Amino acid sequence: KVVIVTGSGKGIGRSIAMRYAAEGAKVVIAEKDTASGASTERAILSSGGVALFIRTDVSDPSQIIKMIRLASEQAGIVNILINNAGISEWKSPYQITVEEWDKIINTNLRGAFLCSREAAAIMREHGGGSIVNIASTRAFMSEPDSEAYAATKGGIVALTHALAASFSKDNIRVNCISPGWIETGDYGKLRDIDHKQHLSGRVGKPEDITEACIYLTKKGNDFINGANIIIDGGMTRKMIYEP
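What comes next is a walk through the structure. (Residues numbered from 1 in each chain as written. Predicted model: local features only at pLDDT ≥ 70, side-chain atom pairs only at ≥ 80, totals over all residues. Heavy atoms only, no water.)

Before going further, it helps to examine the packing of helix 1 (residues 11-22) against helix 7 (residues 206-216). Axes are the key here: two packed helices are described by the angle between their axes and the distance separating the axes. For the pair helix 1 and helix 7, interaxial distance at closest approach is 9 Å and the crossing angle is 50°. Viewed along their axes, helix 1 and helix 7 adopt a mutual orientation that is oblique. The chirality of how helix 1 crosses helix 7 is right-handed. Residue-level contacts link G11, I12, S15, I16, R19 and Y20 of helix 1 to P206, E207, I209, T210, E211, C213 and I214 of helix 7. (Axes fitted to C-alpha atoms, helices over the stretch in contact; angles between N-to-C directions. Helix = DSSP H or I, 4+ residues; strand = E, 2+ residues; numbered from the N terminus. Parallel < 35°, antiparallel > 145°, perpendicular 65-115°, else oblique. Left-handed = near helix turned anticlockwise from the far one by under 90°. Contact = heavy atoms within 4.5 Å.)

Given below as structure tokens:
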């Protein structure tokens, strides 16, 4: 299989890319930061995997088109796309500029749509494929000053079931994962209270999302389509009363 993972230079995206490579996939690392993208590529190659780093800023439609073309030419047909790339900006709704708003929307939401459309155009010529969009529990609950990010993640959830409907005739499945708190830094520095506020008793790890991607894109799981899976240790299911 050929798997494209956007935003795979670090964090969740890097974990996803590494895992697919370990499973024997050819992994296309679509990342705008050259250093981190090259680092993921080296890590996969050094472990005996197959990887291709293509510098890509998903807020630029022309770069998306080029990346998908290069992926299909150099790695082979595209079987799986993981739309993980995303940025955030915590800023008061009174202060965020139109340019800042558009940058977040164009990266997180429009980028996911365009990557999906371009990849699907190849998938349908080769029997189908699978797309997984990475959203967030912030699509359903919020903190102050997170409007742009929340809007993109809510949009991704809706985009997922719309694309699933549109692509179904081409044997392309589209699903979504909404992570909660996934610690991508020093896990050992987390406090007990951080872990205890989750029903699972711990903060999430990138591997928790990686496993879900593997599950959703397995060939035999074709009855899961248009779905959003919340992976947050039960956080959004807790009843919380202010003291």
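The discussion continues.
Right, let's get into the pairing of strand 3 (residues 50-55). Direction of pairing for strand 2 (residues 26-31) relative to strand 3: parallel, over a ladder of six bridges. Paired with K26 across the two strands is V50, which belongs to strand 3. Chirality of the crossover, the property in question, places the unit of strand 2, helix 2 (residues 34-46) and strand 3 among those that are right-handed. (Pairing = 2+ DSSP bridges. Right-handed = clockwise from strand over helix to strand, strands pointing away.)

Right, let's get into helix 1. Every α-helical turn comprises 3.6 residues, leaving residues that sit three or four positions apart pointing alike. For helix 1, spanning twelve residues, the distance from its first C-alpha to its last is 17 Å, which sits close to the expected 16 Å at 1.5 Å a residue. Within the span of helix 1, buried status applies to I12, G13, S15, I16, A17, Y20 and A21. On its buried face, helix 1 sits against strand 1 (2-6), strand 2, helix 2, strand 4 (80-83) and helix 7. Following helix 1 by one or two positions, G24 has its phi on the positive side, about 100°. (Expected span 1.5 Å × (residues − 1). Buried < 20%, exposed > 50% of the residue type's maximum accessible area, 1.4 Å probe, protein only.)

One number sums up the size of the largest pocket: a volume of about 1,300 Å³. Lining the largest pocket we find 40 residues, and of these I12, S136, Y149, G180 and I182 sit closest to its centre. Every element with two or more residues in the lining of the largest pocket is listed here: helix 1, strand 2 and helix 5 (147-167). No other element matches helix 1, which puts three residues into the lining of the largest pocket. Here the residues of the lining of the largest pocket sort into 15 nonpolar, 16 polar and nine charged. Within this model, the second largest pocket holds a volume of roughly 560 Å³. Every residue lining the second largest pocket is counted, 22 residues in all, and those nearest its centre are K1, R173, T217, K218 and K219. (1 Å grid on protein atoms, 1.4 Å probe; cavity = no way out; pocket = protein on both sides within 12 Å on 5 of 7 lines; lining within 4 Å. Points joined across faces, edges and corners; volume = space filled by probe spheres on them. Nonpolar A, V, L, I, M, F, W, Y, C, P; charged D, E, K, R; others polar.)

Turning to the environment of V58, a few remarks are in order. For V58, the location among the structural elements is in the loop between strand 3 and helix 3 (61-74). The class of V58 is buried, set by a relative accessible area of 5%. As a C-alpha pair, V58 and G128 span 70 residues in sequence and 23 Å in three-dimensional space. For V58, the contacting residues outside a window of four places in its chain are T6, I64, A85, N106, T107, G111 and C115.

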